[in-house]
Each structure stands twice: as structure tokens, then as C-alpha cells.
Amino acid sequence: AAAIQNPELRKASESRRTAMMAAHDSLTKSMTEGRGLIVTLMGNLQDLRNFIGSDLTESAVASAQELFAGTQADAKRVETAIAGVQKQLGAILSRK
């Protein structure tokens, strides 16, 4: 923007840059939050795999029901977070 001499064009360029930086910051925040959700989900899935892998009895599966339910909820949160990131990326890419 500093290289643009015309004040109107410079102002438009600065405005466009400010909007793009805000979109970038928002996307970065969303992706960071999504990463945290994915890390939690993957940890729970690995715990379930290890737990069930060593004891696949009805009682073992029953004792893990709470973690199963929590992991399903975590998966829904990851799905929602990914959809949000995709929407933000689409908005950024569709800007002219």
C-alpha cells in the first residue's frame, strides 16, 4: 500500500489488507482450536483401542461406555470445527 501513490487506491488497498488479515487471524484461531479437538479425539480413540484390544469382554466394553459416548461427542465437535474452517476458507477464497 505504501508504494501506491493515489490516496483512494491506497486506502482501498489498506482496507482490503486489514480485512484479509482479520480473516487470516480468525482462520488461524479456528484451526488451532480444531487441532486441539482432534488431539483430544485421537487420544481417546487410542485409549479405547488399547483398552478394548486387551480385553474385549462384555464387561470391559460396558465399563468403557462413558468414554465411548464422550468420544462420539468429541467427533461431532471435530466435525463442526472442520466445517467451520471449510466455510472460512471458502469465504476467503471467494473474495475478489
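Structure first, text after, so check above.
Residues numbered from 1 in each chain as written. Predicted model: local features only at pLDDT ≥ 70, side-chain atom pairs only at ≥ 80, totals over all residues. Heavy atoms only, no water.

Draft legend 1. Broad picture of the pattern of salt bridges. Counted under the stated rule, the structure contains three salt bridges. The residue E33 makes a salt bridge to K29 at a minimum N-O spacing of 4.0 Å. On the criterion of helical spacing, the pair formed by E33 and K29 is a turn pair, its members being four residues apart in helix α1 (residues 7–54). Classification of E33 as partly exposed rests on a relative accessible area of 45%. A relative accessible area of 53% places K29 in the exposed class. Note that R77 is salt-bridged to D74, the shortest N-O span being 2.3 Å. Here D74 and R77 lie together in helix α3 (residues 65–93), a separation of three residues that amounts to about one turn. Residue class for D74 comes out buried when judged on its relative accessible area of 11%. (Salt bridge = Lys/Arg side-chain N within 4 Å of Asp/Glu carboxyl O. Helix = DSSP H or I, 4+ residues; strand = E, 2+ residues; numbered from the N terminus. Buried < 20%, exposed > 50% of the residue type's maximum accessible area, 1.4 Å probe, protein only.)

Draft legend 2. The arrangement of α3 in detail. Relative to the 42 Å expected for 29 residues at 1.5 Å per residue, α3 spans 42 Å between its end C-alpha atoms, a close match to the ideal helical length. Turning to α3, its buried residues are T71, D74, V78, A81, V85 and I92. In this structure, the buried residues of α3 make contact with α1. (Expected span 1.5 Å × (residues − 1). Contact = heavy atoms within 4.5 Å.)

Draft legend 3. Spatial organisation of a nonpolar patch on the surface. On the surface, a nonpolar cluster with roughly 320 Å² of combined accessible area is contributed by I38, M42, L45 and I82. Ranked by residue count, the leading element in the nonpolar patch is α1, at three residues. (Patch = residues over 30% accessible without salt bridge, like charges linked within 9 Å, V, L, I, M, F, W, Y side chains within 5 Å. Areas by Shrake-Rupley, 256 points an atom, 1.4 Å probe, with all protein chains shown as cover.)

In short, shape yes, function no, at least from these values alone.
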